[in-house]
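One letter stands for each residue in the lines below.
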Amino acid sequence: MNTHQGNFVRASMIEAAPAPIQTGGLAYWLRKNLFATPKDSALTIISLLVLAWLVPPAVQWLFIDAAWTGGGRGVCATVAQGGSQPDGWSGACWAFVNAKFDQFLFGRYPIEERWRPALVGILFILFLTPMLIPKVPYKNINAILLLVVLPILALILLPGGWFGLTFVETPLWGGLMVTLVLSFVGIAVSLPLGILLALGRRSTMPVIKMLCTFFIEVVRGIPLITVLFMASVMLPLFLPQGVTFDKFLRALIGVSFFASAYMAEVVRGGLQAIGKGQYEGADSLGLSYWQKMRLIVLPQALKLVIPGIVNTFIGLFKDTSLVSIIGMFDLLGIVRLNFSDANWASAVTPISGLIFAGFIFWLFCFGMSRYSGFMERVLDTAHKR
């Protein structure tokens, strides 16, 4: 038997250790993210030089030399071009954007009736904001207001013709209003329809599986511009004589079906990522098929594919510009339409309008992207203690 007694008392003092490396503050962040290695340092320096070369002229053109106010093309043209700016001047024509701002929002919607889409937009913000904040209670009531009450109010207010409201035909709609209506309807329809299509494609019933697969593959195999063209031009040819649908309604249906096919594949990817044990566990509890999907499988699957879902939403938001093929003018379309206004014809007017439209699109898409990241962090509970 070993009777050796171990010595657990230190016989000498510990040597002085170096001071810990700073793990916070600006210097640590720069060292970790920009200058961690010689390669990172070289790339950082090159990027800073490129930014120093590009940013000052851009700021000069966009803000310092820009024409902010004025009543015509003269404020955005040089003397040689018939304007008031000195020869050699070049800057953004924000006066054009300021003068046409209402059209960029509402298109050719009658001026005296623009309070109606403005009211719908305010209600949309009021109903949507609580839905986006996880801690706000009464989500069910809020969802009913957003997905049921708001569409009914929009159907009454936007076209009019009811309750003494002047009828405004959809060809007069345009601008950001059309972009948001198409996007909201497309998103609201594509997500539940895409989920049903994904479940149908994974169904064990051959007919349901075949129909869902056929729809998904056919719609995903043709471009959106073709879908819109067929919905606007070809669909009336197959309808009985005297039966027709509003052109804007056709665009809504085409965009919604197109987005649903892509959404179905995103959701199907999430369903395939769920382990077999989850299905077997739900079956062992005696849950029905719809209870299993609603309570066990779909919550996990949708959480996994949040980036793909939001990516589809962002693509849908940008694809609304294609409705110009059927004579509808979204934000980009109404901006381009105003380039033909002789009162604002100048060399810098088109690029200024396109930059404005691009900034609006980026603002909405970036907002959706950031909210997607926020929801991922909120729902990422798998590894939390």
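Quick caveat, the model's predicted, so the values are computed rather than measured.

## Observations regarding the overall build of the chain
- Along the backbone of the chain there are 15 helices and two strands.
- A compact globule built from 385 residues should have a C-alpha radius of gyration of about 21 Å, whereas the chain, at 29 Å, is more than 25% larger.
- Considered along the principal axes of its C-alpha atoms, the chain spans approximately 105 × 65 × 40 Å.
- A fraction of 69% describes how many contacts in the chain between residues 6 or more apart in sequence connect residues 24 or more apart.
- A total of about 23,400 Å² of accessible surface is found on the chain, and carbon and sulfur atoms cover 69% of it.
- Charged side chains in the chain number 28 positive and 18 negative. The centres of these two groups are separated by 9 Å.

## Description of the pattern of salt bridges
- All told, the structure shown has eight salt bridges when counted by the stated rule.
- In this structure, the salt-bridge partner of Glu217 is Arg220, at a minimum N-O distance of 3.9 Å. Taken together, the residues span about one helical turn, with Glu217 and Arg220 both in helix H8 (residues 206-220) at a distance of three residues.
- Exposure remark for Glu217: the relative accessible area of 37% places this residue in the partly exposed category.
- Overall, Arg220 belongs to the partly exposed group, its relative accessible area being 32%.
- In this structure, Glu280 engages Lys276 in a salt bridge whose closest nitrogen and oxygen atoms are separated by 3.8 Å. With Glu280 and Lys276 both in helix H11 (residues 276-284) and four residues apart, the pair spans about one turn of that helix.
- Its relative accessible area of 62% is what places Lys276 among the exposed residues.
- Ionic contacts of the salt-bridge type, sharing partners, join the residues Arg201, Glu217, Arg220, Glu265 and Arg268 into one network.

## With respect to the packing of helix H7 (residues 176-201) against helix H10 (residues 247-273)
- Following both chains from N to C, one finds H7 and H10 inclined at 45°, their axes separated by 5 Å at the closest point. When the interaxial angle is binned, H7 and H10 end up oblique. For the pair H7 and H10, the sense of crossing is right-handed.
- Its residues assigned to classes, the contact of H7 with H10 comprises 21 nonpolar, five polar and three charged.

## A closer look at the state of the cysteines
- For the coordinates displayed, the defined rule picks out one disulfide.
- The residue that forms a disulfide with Cys76 is Cys93, at a sulfur-sulfur distance of 1.9 Å. One disulfide, between Cys76 and Cys93, carries an S-S torsion of 75° and so falls in the right-handed class. Here the residue Cys76 occupies a position in the loop between helix H2 (38-64) and helix H3 (94-99), and Cys93 occupies one in the loop between H2 and H3, the gap between them amounting to 17 residues. The same class applies to Cys76 as to Cys93, namely buried.

## A short note on the environment of Ile133
- Residue placement: Ile133 occurs in the loop between helix H5 (115-132) and helix H6 (139-157).
- For Ile133, a relative accessible area of 38% gives the class partly exposed.
- Distance in space between the C-alpha atoms of Ile133 and Met375 is 9.7 Å, their sequence separation being 242 residues.

## Looking at unusual backbone geometry
- Despite not being glycine, Tyr138 shows a phi value in the positive range, around 60°.
- When its relative accessible area of 64% is taken as the criterion, Tyr138 is described as exposed.
- Of note, Phe163 is a non-glycine position whose phi angle comes to about 55°, a positive value.
- Inspection of the secondary structure puts Phe163 in the loop between H6 and strand S1 (174-175).
- Since its relative accessible area comes to 73%, Phe163 is described here as exposed.

## Things to note about the nonpolar core
- Among the nonpolar cores identified, the biggest contains 33 residues, and Leu158, Trp173, Leu182, Leu228, Phe248 and Val323 are the most heavily contacted of them.
- Looking at this core, the elements that each hand over two or more residues are H5, H6, H7, helix H9 (224-234) and H10.
- The dominant element in this core, judged by the number of residues it contributes, is H10, at seven residues.
- If near-sequence neighbours (up to four positions away) are discounted, Trp173 is found in contact with Phe106, Tyr109, Leu158, Pro159, Val168, Val178, Phe248, Met328 and Phe329.
- Ranked by size, the runner-up nonpolar core spans 29 residues in total, among them Cys76, Ala92, Leu176 and Ile306.

## A word on the environment of Gly121
- Following the sequence through the fold, Gly121 ends up in helix H5.
- When the C-alpha atoms of Gly121 and Val97 are compared, they prove to be 21 Å apart, with 24 residues separating the residues in sequence.

## Focus on the side chain of Thr44
- By secondary structure assignment, the location of Thr44 is in helix H2.
- Of the residues examined, Thr44 reaches a relative accessible area of 11% and is grouped as buried.
- In contact with Thr44, not counting residues within four places along its chain, are Leu34 and Phe35.

Criteria and cut-off values
- Residues numbered from 1 in each chain as written.
- Predicted model: local features only at pLDDT ≥ 70, side-chain atom pairs only at ≥ 80, totals over all residues.
- Heavy atoms only, no water.
- Helix = DSSP H or I, 4+ residues; strand = E, 2+ residues; numbered from the N terminus.
- Rg over C-alpha atoms; globule rule 2.2 N^0.38 Å.
- Contact = heavy atoms within 4.5 Å.
- Areas by Shrake-Rupley, 256 points an atom, 1.4 Å probe, with all protein chains shown as cover.
- Lys, Arg positive; Asp, Glu negative; His and termini not counted.
- Charge placed at Lys NZ, Arg CZ, Asp CG, Glu CD.
- Salt bridge = Lys/Arg side-chain N within 4 Å of Asp/Glu carboxyl O.
- Buried < 20%, exposed > 50% of the residue type's maximum accessible area, 1.4 Å probe, protein only.
- Axes fitted to C-alpha atoms, helices over the stretch in contact; angles between N-to-C directions.
- Parallel < 35°, antiparallel > 145°, perpendicular 65-115°, else oblique.
- Left-handed = near helix turned anticlockwise from the far one by under 90°.
- Nonpolar A, V, L, I, M, F, W, Y, C, P; charged D, E, K, R; others polar.
- Disulfide = S-S within 2.5 Å.
- Core = buried A, V, L, I, M, F, W, Y, C linked by side-chain atoms within 4.5 Å.

Any functional reading would require information beyond the geometric quantities listed.
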